[in-house]
Amino acid sequence: MCSLLRGEEMCLAQLFLQSGSAYDCISELGELGLVEFRDLNPSVNAFQRKYVNEIKKCEEMERILGYLLREIKKADISLPERDVNPVAPLPKHVMTIMEQLQRLEVELGEVTRNKEKLQKNLLELTEYTHMLRITRNFVQRTAEREPLQVQYEEFPFLEKDTVMDYSSMQRLGAKLGFISGLIHRVKIEAFERMLWRVCKGYTILSYAEIDEYLEDPDTGEPTKSVVFLISYWGDQIGQKVKKICDCYHCHLYPYPSSNEERNDVVEGLRTRIQDLHTVLHRTEDYLRQVLIKASESVYTWVVQVKKMKAIYYILNLCSFDVTNKCLIAEVWCPINDIPMLRRALEEGSRKSGATVPSFVNRIPTTDTPPTLIRTNKFTSGFQNIVDAYGVGTYREVNPAPFTIITFPFLFAVMFGDLGHGIIMAVFAFWMVLYENDRKLKNTRNEIWNTFFEGRYIILMMGLFSIYTGLIYNDCFSKSLNIFGSGWSVKAMYKDINDIRENRVLMLDPNVTGVFRGPYPLGIDPIWNLATNRLTFLNSYKMKMSVILGVIHMSFGVVLSTYNHLYFRKKYNLYLVFLPELLFLLCLFGYLVFMIFYKWLFFSAKNSRQAPSILIHFINMFLMQGDAVQPLYPGQTGLQVFLVVIAVFSVPVLLLGKPIYLYWLHNGSHHLRMYRGYERVRRNSEEEVYLMRAHDMEEGNSHSDLSSSGEHHTEEFDFADEFLHQAIHTIEFCLGCISNTASYLRLWALSLAHAQLSEVLWAMVMRIGLRMDTTLGVFFLVPVFGLFAVLTVSILLVMEGLSAFLHALRLHWVEFQNKFYSGTGVKFSPFSFSLLPSSFENDGLL
Amino acid sequence: MAVCQELSFNVDHGYLEGLVRGMKAGILTQTDYHNLSQCDTLEDMKLHLQSTDYGKLLSSSEEDLTVSLVDSKLKEILVTEFSCLRTNALPPLSTFLDYITYSYMIDNVVMLITGALKHRDVAELLPRCHPLGAFDQMAAVGIARTPSELYSAILVDTPLAQFFQDAVSESNLDEMEAEILRNKLYKAYLESFHSFCKNLGGATKDIMCPVLEFEADRRAFIITVNSFGTDLSGADRSTLYPSCGKLYPEGLQLLAKAEDHEQVKAVANCYPDFKVIFEDPESGSDCKTLEDRFFEQEVKMNTLAFLQQFHFGVFYSYIKLKEQESRNIIWIAECVTQRQKSKIHNYIPIFKGTN
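Calculation rules
Residues numbered from 1 in each chain as written. Chains lettered and ligands numbered in written order. Predicted model: local features only at pLDDT ≥ 70, side-chain atom pairs only at ≥ 80, totals over all residues. Heavy atoms only, no water. Helix = DSSP H or I, 4+ residues; strand = E, 2+ residues; numbered from the N terminus. Buried < 20%, exposed > 50% of the residue type's maximum accessible area, 1.4 Å probe, protein only. Areas by Shrake-Rupley, 256 points an atom, 1.4 Å probe, with all protein chains shown as cover. pLDDT = per-residue confidence, 0-100. Axes fitted to C-alpha atoms, helices over the stretch in contact; angles between N-to-C directions. Parallel < 35°, antiparallel > 145°, perpendicular 65-115°, else oblique. Left-handed = near helix turned anticlockwise from the far one by under 90°. Contact = heavy atoms within 4.5 Å. Nonpolar A, V, L, I, M, F, W, Y, C, P; charged D, E, K, R; others polar. Phe/Tyr/Trp six-rings, centres within 6.5 Å; stacked < 30°, edge-to-face > 60°. Lys NZ or Arg CZ within 6 Å of the ring centre and 35° of its normal. Salt bridge = Lys/Arg side-chain N within 4 Å of Asp/Glu carboxyl O. Expected span 1.5 Å × (residues − 1). UniProt positions renumbered as here; feature names shortened; annotations may be inferred. Core = buried A, V, L, I, M, F, W, Y, C linked by side-chain atoms within 4.5 Å. Pairing = 2+ DSSP bridges. Polar contact = N/O pair within 3.5 Å; in protein donor to acceptor, adjacent residues only side chain to side chain. Bend = angle between axes of the 7 residues up to and from the residue. Patch = residues over 30% accessible without salt bridge, like charges linked within 9 Å, V, L, I, M, F, W, Y side chains within 5 Å.

The secondary structure content of chain A amounts to 25 helices and 11 strands. Per-residue burial over chain A gives 45% buried out of 845 residues. Total accessible area computed for chain A in this model is approximately 46900 Å², and 59% of it derives from carbon and sulfur atoms.

Right, dumping it as C-alpha cells:
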C-alpha cells in the first residue's frame, strides 16, 4: 500500500560486470526486468561504441530473417507463433545460428533464382507459341488477299505502281524483312505512331491481342500483351525498327521464314514447355520443403536475435574500467529489488562460469530517480488514468489509490441508473471472468483493447452506478417500490370523487397520515409520479454536487500535507496548506454548512420560512445581513469573521512562502544584523536567541536534505519564487470558485442522463405498451428491440463515455491540481517482455 | 481562378500539402550532417542514416556499399515520394508537378544525345538518366540526327514537344549543338513554367515566381560564364537567356556584351541578390565555387517557401531541397571513401536553425 501511495524507493547502483560474464548477466536482468540502465557514454556516437560489430551482425541476421519471413509468407506457409520464450543465445552459439541462417539464405536464393529463371524461360516459350499461332493468321490473311493486289493499299506512294516499285526495290537489293514479338497492350498505340514517324511508312505493322493474361516477369502482375508483326524494306529501316522495339521493351522472337519451319518450331516448343513444367514443379516442391523446415525454427530465431540485439545495446551503454577487465553499468533499481538483482548477477556469473563474480554497489546521487509505482491488474487501470495526466514526481503522493473509489463514484453520480449500472457491471464482469482468454487478450482491435484494459474500471463504475441508481431510485427511468412508499393519498383525499375528477392531486405532508416517514433507501418512489419531481431532484442534486465537490477539493488540499511533511518543507504547512484550507473552508465549507443547516432545521411545517441559501451566501460577501431574517442567532458576526479570515489568508498565501524563503536564504546575513542589534539593545537578547534557535533548526533540516543530495546548490531567486507563488495563489483562489462551479457538472450530467432515459421510455416503450390488443404483443417485440439498441448505444455507450470524460476532468483538474505536480519520469526497466512480440511490429515484414 | 484560393485549397490539395510538410520534417538537420561527417566508412554512414528518416534504405541491400549505390538508392526514394505525390495530385497541382519533371527530362534527352554522339550503348546510358525525368520514348532518342528529326519523330508525343518551337533546326547534332539545344529547351521550359505559375496566381505566384526568376537568372549567368573561350557569339548567347528573370531586359543585354569574368561581375553588382554571389571569395573562410554559391542561394529561397501555406511552392521546394540533400550525402560519402576529410564540410546545410 505504501508503494502504491508514494511509489517505490529507488536508488542508483553501479554494476561491476566481468567482461566474460557481462552478456549473461544482462541477459538474466533482461528476463527479470528489474533495472533501468543509464547511458554512461552519451557523447559517443552510435557507430563508435564498443559493440557496434555485434549489433551489425544482429542486424544482418535480422535482414536474413526478414527475407525468410517474406518468402515464407509468399509461399503461404503459416508461421507457428507459439508461446515459447527462448533465452538469448550464448555468444558462442551465435555463430552456429548465423551459419544456419546464411546457409538457408544462400540455398533459398539459389532455388528462387532458379525458379525465376525457369519461370522466365517458360514465359518466353509461351509468348513464342502465342506469337507463332497469331502471326500465322496474319500471313494466312495476307495470303488470301494477295491475289486481289490490295496488300499495300495503305501505302500512299506505292499505290501507283506496286509491282514496279516492288521489283525496283528488289533490284536495289532491299530485302523484305520481318520482325515479330510481343508488346504491352498500353504501349501499342504510341509504338505504332513512332514507327510510322520514324520509318515514314516503309513498314507494315499488324497486330492482334492475346486472349490470356501473361505474367509480367518484373512486377509479377498479369498483363495483357499484343503480338505484332512488322514487315519492312531494307536493312537501314530494320535497324531503326529494332531500336524502337528496344525502346518500348518489346520481346522479340525470330520469325520463321516458311510454314514447315514454323510447324517444327511449334512442335519443339510444345515439348520444351512440358519439360519445363515438370522441372518447375519439382523446384517449387523443393522450395516449399526448405521453407517449411525454416518456418519451424524461425520464430525462435527472431526472438533470440531480438534479445541479443537488446543486450548489445545495453552493453553499449556501459563504460569500461581502467583495467578493461570489467564493465561498469549504472542502473536505477528499486531498493527492495536489490537482493533479486544480486541473485540475478550471481546466476549470470554462474552460467558463464566466470571465476570473479559480478557485484552491485549502491552509489549516492543527487539526481531525481524515476518513479516506479507497482500495480496489479486491478490498480493498473486507475494508475493509467493518473499517468495520462502526468507521471508522479519521485515519492510524491499518488492519487491513484483514492481514484479507485472516487472515480467510479463521481462517474456513478452522473450515471445513476440501476438498470444501466447492472448492464455495465455484467459486461465488465464477463470481461473479468474471461480475461485470460487469448482471443480477447490478443486482439488487434484498438477500441476493444481500450475497453478490455479498463475492465476493472468499468466493473467498478457499474457497481457504483447500481448504488447511485438505488439512491436515485431510477431503473430505466422508472422507480422501484420495494419498501412501499411513505406517502399516502388515502389520508389526503377520502372522497373517491376527488380522485376521479382531478387530474393532479396535491399531497401535503402537514396533513397527518399523508407522510408516514422517509423511505428506507434513497428517494421515495412516489416522486416518479409527481409533477414537481424535476424541481425536487434538481434542488437535491445541485446541493449534493456542491457538497461532494467541496469535500473532494478539501481532501485534495489535505493530501498536500503528506507531500509537505515528506519533503521536509514544514513551512509549507503553515504558509501554503493552512491559508489554502482556511480559504476553502471559510467560504465554501460554510456554504456546505448552510445547506446542512437548512436541511436539518427546516421541516415540512415551517418550510414556508425556509430561506434561500444563495441570498444568504451573496449577503455574506456583501456583509449586509440586515435585510433578511438570519438563519440562526449570531449569523452576521460569524459570517463577517469567516470572510475576514478568508480575505486575510490570501496575502499570507501570496507573500508568506517567498518572504520566508528569502529570509531563510539570507539567514546568516540577518544573524549578523541581529548581533549589531544586540549591541544596541541588550534587552532583546531573548528574542534574538529564539530567532537563532529557529535558524538552527531550519539549518538542521536543511543539512538533512543536503546529506541525501550531495550538493544542493540551487540558486535562490526571490523574483522567481514570488512569481510562482503569485501564480499559484491566483490559480488557487480563482480556482476555488470556478472549481466549485465545475462540480455542478455532476448535477447537469445526472439530470441529462435521467431525462434522456425518460424520453426514450416515453417515446419508444410507452407507445409499444399502449397497444393492448393481441397484435400489441407482436408489435412489442420490434419496439423492445429498438429500445434495447438505443439504450445500449446512446445511454450506455455515449452517455457513459461522456460521464467518464467528465469524471476524468474532475479528477485531473479539480482534484489533482490541489496537490499533485506530476512532473516525474516513469521508470522503464530493461526487460525482454517489453520488446515488441509480434512479427509485424518488427519491421521485419 | 477563384478570388479566395485559401478557402478551397485544402479541398483538393490539403492532404498533399500536409504530406509534403511531414516529409520536410525528415530532411536531415545540422546534427545529422555533423554526425555523418564524422564517419570513417560508408558502413558507419549507413548506420547513422538508419536513425534518420532514410531508415532501412541501405540495410536491405546485399551488395557491397558503394557511392553510386547510395546515389541510386537516394534517387529511388525521391522518386517513390514524388510518384506518391503525383498519383494523388489533382489539377492544377498535377500539371505543376509535371512541370517539375520536365527539367529532368530535358537533361535526360541531352545526355542521351551526347551519349549517342559518342557511340555509347543506350542500355549503358539509360541507368544514368535521372529517374524523375524518365519517359517511354527515352531509349529512341539516339536515332535522331537533327533537332527537327528529334522533335518530329520522337519527342512530339512527349510533354517536351511544347518547348521545341524555337529549338527546331536542321543543323546536325554535335556536342555544341546538344548544349545549345538544352539551353533553348530550358529557356522555353522556364518561361512556360513561369507563366503557368503566374496564371495560377495567389500565394503560388508569390512564392514560385521569385524562385523561377532566380533560376532563369542563374542560367543566364552560367551560360555567359561557360561561353567564354568557345565560339559562341554574344548574339547567339542572348537567344539562350531565359527572359523571365529579374535581369530581363537590361541585365541580359549587358551580359550578352560581357567578354570576361570581370564584366559579368560588374553586371551582377547592379543586382543586390547576385552581388553577394559574385563577391570575392576572400570574405568566406573557404573558397566555394560559383555553382555552390548559387546552390546555397537556391536552398535559402526554397526554405522560405515553407513559411507560407496554401500554395504549390512547397512541392517544388521540397523536391529541390531533397535533391540538394542527396548531393550533400553523396559529397560526404565521396569524401569519406576518398579520405578527403578536409573537404567534407563543403556540403550545403538545409534548415540550419532546426537542430
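Next up on the list: the overall build of chain B. Counting its regular elements, chain B contains 15 helices and 0 strands. A total of 355 residues make up chain B; the buried ones form 54% of that total.

Residue and element names in this part refer to chain B. Counting all residues, the mean pLDDT for chain B is 83, and 93% of those residues have values of 70 or more. Here helix α7 (residues 147-154) stands out as the element of chain B with the lowest mean pLDDT, 76, in contrast to helix α15 (residues 313-337), whose mean of 91 is the highest. We note a pTM of 0.70 for the whole complex and an ipTM of 0.72 for its interfaces.

Residue and element names in this part refer to chain A. Where helix α2 (residues 22-32) contacts helix α8 (residues 259-317), the two axes come as close as 10 Å, and the packing angle between them is 110 degrees. Judged by the inter-axis angle, α2 sits roughly perpendicular to α8. Along this stretch, α2 crosses α8, giving a crossing that reads as right-handed. For the pair α2 and α8, contact is made by Ala-22, Tyr-23, Ile-26, Ser-27 and Glu-31 and by Lys-307, Met-308, Ile-311, Tyr-312, Ile-314 and Leu-315, respectively. Looking at the contact of α2 with α8, its residues break down into 8 nonpolar, 1 polar and 2 charged.

What follows concerns the side chain of Ser-192 of chain B. Residues and elements named next belong to chain B. Here Ser-192 is to be found in helix α8 (residues 175-200). On the accessibility criterion, Ser-192 (17% relative accessible area) is buried. If near-sequence neighbours (up to four positions away) are discounted, Ser-192 is found in contact with Tyr-99, Gln-162 and Phe-163.

Turning our attention to the packing of aromatic side chains. Counted by the stated rule, this structure contains 66 aromatic pairs over all chains. Aromatic side chains Phe-221 of chain B and Phe-274 of chain B sit 5.1 Å apart centroid to centroid with 50 degrees between the ring planes, which places their arrangement in the tilted category. Separated by 53 residues along the polypeptide, Phe-221 of chain B in helix α9 (residues 202-227) and Phe-274 of chain B in helix α13 (residues 272-278) bring together distant segments of the chain. Phe-274 of chain B matches Phe-221 of chain B in its accessibility class, with the two residues each being buried. Stacked on the ring of Phe-452 of chain A, the Lys or Arg Arg-455 of chain A has its end atom at 4.5 Å from the ring centre.

Right, let's get into the pattern of salt bridges. Evaluated as defined, the whole model comprises 37 salt bridges over all chains. A salt bridge links Glu-71 of chain A to Lys-74 of chain A, with the nearest nitrogen and oxygen atoms 3.6 Å apart. Of this pair, Glu-71 of chain A and Lys-74 of chain A both sit in helix α3 (residues 52-74), 3 residues apart, roughly one helical turn. By relative accessible area, Glu-71 of chain A is classed as buried at 11%. Under the relative-accessibility criterion, Lys-74 of chain A is labelled exposed at 64%. Note that Lys-341 of chain B is salt-bridged to Asp-40 of chain B, the shortest N-O span being 3.9 Å. Placement of Lys-341 of chain B in the segment after α15 and of Asp-40 of chain B in the loop between α2 (30-37) and α3 (42-50) is noted, with a sequence separation of 301 residues between them. Overlapping salt bridges bring together Glu-8, Asp-337 and Arg-374 of chain A as one network.

This paragraph deals with helix α4 (residues 67-88) of chain B. Given 3.6 residues per helical turn, the α-helix brings residues three or four places apart onto the same face. Residues and elements named next belong to chain B. Taking 1.5 Å as the rise per residue, α4 with 22 residues should run 32 Å; its terminal C-alpha atoms sit 32 Å apart, in good agreement. Within α4 the residues assigned to the buried category are Val-67, Leu-69, Val-70, Lys-73, Leu-74, Ile-77, Leu-78, Glu-81, Phe-82 and Leu-85. Contacts made by the buried residues of α4 are with α1 (5-24), α3, α5 (93-117) and α15.

All names here are of chain A. As annotated in UniProt, the feature "transmembrane region" (unreviewed entry) corresponds to residues 409-433, 454-472, 544-562, 574-597, 640-663 and 775-798 in the numbering used here. For residues 544-562, the helix share is 100%, the strand share is 0%, and the end-to-end C-alpha distance is 28 Å. Helix makes up 100% of residues 640-663 and strand 0%, with an end-to-end C-alpha separation of 33 Å.

It is worth spelling out the nonpolar core at this point. In this structure, Phe-191 of chain A together with Phe-96, Leu-150, Ile-154, Phe-193 and Phe-315 of chain B are the most contacted members of the largest nonpolar core, which totals 115 residues. Broken down by element, the residue count for this core peaks at 13 residues, all from α5 of chain B. By size, the runner-up hydrophobic cluster in this structure holds 67 residues, among which are Leu-410, Leu-631, Ala-646 and Cys-733 of chain A.

This brings us to the sheet that holds strand β3 (residues 176-184) of chain A. Strands in a sheet are paired, the pairing made by backbone hydrogen bonds, and the direction either parallel or antiparallel. Residues and elements named next belong to chain A. If you trace the 4 strands from one edge of the open sheet to the other, you get β4-β7-β3-β8, paired in antiparallel fashion. Taken across any chain shown, the strands that pair with only one partner, and hence form the sheet edges, are β4 (203-209) and β8 (251-253). Each neighbouring strand pair of the sheet contributes to a mean axis angle of 25 degrees, computed without reference to strand direction. The strands that helix α6 (residues 188-199) touches are β3, β4 and β7 (225-233); relative to β4, the one it contacts most, it runs at about 175 degrees. Each of β3, β4, β7 and β8 is contacted by helix α7 (residues 235-247), which is oriented at about 160 degrees to β7, the strand it contacts most.

Our next topic: the interface of chain A and chain B. Chain A puts 20 residues into the contact, and the matching count from chain B is 22 residues. Where chain A meets chain B, there are 1 salt bridge. Of the charged contacts in the structure, one is a salt bridge between Lys-56 of chain A and Asp-44 of chain B, with a shortest N-O distance of 4.0 Å. The interface formed by chain A and chain B includes 0 residue pairs in polar contact (both at pLDDT 80 or more). Looking at the side of chain A that touches chain B, the elements that each hand over two or more residues are α3, α6 and α7 of chain A. With 5 residues, α3 of chain A is the largest single contributor of residues to the side of chain A that touches chain B. Within the side of chain A that touches chain B, the residues separate by chemical class into 8 nonpolar, 2 polar and 10 charged.

What UniProt calls "coiled-coil region" (unreviewed entry) maps, in this numbering, to residues 94-128 of chain A. Secondary structure over residues 94-128 of chain A splits into 100% helix and 0% strand, and the C-alpha atoms at its two ends are 50 Å apart.

Residue and element names in this part refer to chain B. Considering the arrangement of structural elements, one finds Thr-158 in the loop between α7 and α8. Sequence-wise, Thr-158 and Gln-137 are 21 residues apart; in three dimensions their C-alpha atoms are separated by 7.9 Å. Those residues within four positions of Thr-158 in sequence are excluded, and the remaining contacts are Phe-135 and Gln-137.

This paragraph deals with the packing of helix α11 (residues 400-414) of chain A against helix α17 (residues 533-566) of chain A. All names here are of chain A. Close contact between α11 and α17 brings their axes to 12 Å; oriented N to C, the two are set at 165 degrees. Put simply, α11 runs roughly antiparallel to α17. Of the two elements, α11 crosses α17, and the hand of that crossing is left-handed. Touching Phe-402, Thr-406, Phe-409, Leu-410 and Val-413 of α11 are Met-544, Leu-548, His-552, Phe-555 and Leu-559, all from α17. In terms of residue class, the contact of α11 with α17 is built from 8 nonpolar, 2 polar and no charged.

The next thing to look at is α1 of chain B. All names here are of chain B. Given a rise of 1.5 Å per residue, 20 residues ought to cover 28 Å, yet the end C-alpha atoms of α1 are separated by just 23 Å, more than 12% below that figure. At His-13, α1 shows its strongest bend, of approximately 75 degrees. All buried positions along α1 are accounted for by Gln-5, Phe-9, His-13, Gly-14, Leu-16, Glu-17, Val-20 and Met-23. In this fold, the buried residues of α1 make contact with α4, α5, α8, α9 and α15.

For the rest of this paragraph, the subject is a nonpolar patch on the surface. All names here are of chain A. Taken together, Phe-427, Phe-429, Trp-430, Leu-433, Tyr-434, Ile-447, Phe-451, Val-792, Val-797 and Leu-801 make up a surface patch of nonpolar side chains, about 950 Å² in accessible area. For the nonpolar patch, the secondary-structure elements that each account for two or more residues are α12 (418-433), α14 (446-453) and α25 (774-815). When residues in the nonpolar patch are grouped by element, the largest group, 4 residues, is from α12. Here Tyr-434 is to be found in the loop between α12 and α13 (438-441).

What follows deals with the confidence of the model for chain A. Residue and element names in this part refer to chain A. For chain A, per-residue confidence averages 82 on the pLDDT scale, and 87% of positions sit at 70 or higher. Below a pLDDT of 50 lies the segment residues 145-166, which in the model reaches 16 contacts outside its immediate sequence neighbourhood of four places, other chains included. Within the model, the stretch residues 693-713 combines pLDDT values under 50 with 14 contacts to residues more than four positions away or in other chains.

Here the focus is the pairing of β3 of chain A. Along a regular strand, successive side chains alternate from one face of the sheet to the other. Residue and element names in this part refer to chain A. The pairing of β3 with β7 spans 9 bridges and is classified as antiparallel. Within β7, the residue paired with Gly-177 across the bridge is Tyr-232. The pairing of β3 with β8 spans 3 bridges and is classified as antiparallel. Its bridge partner being in β8, Gly-181 is matched across the sheet by Leu-252.

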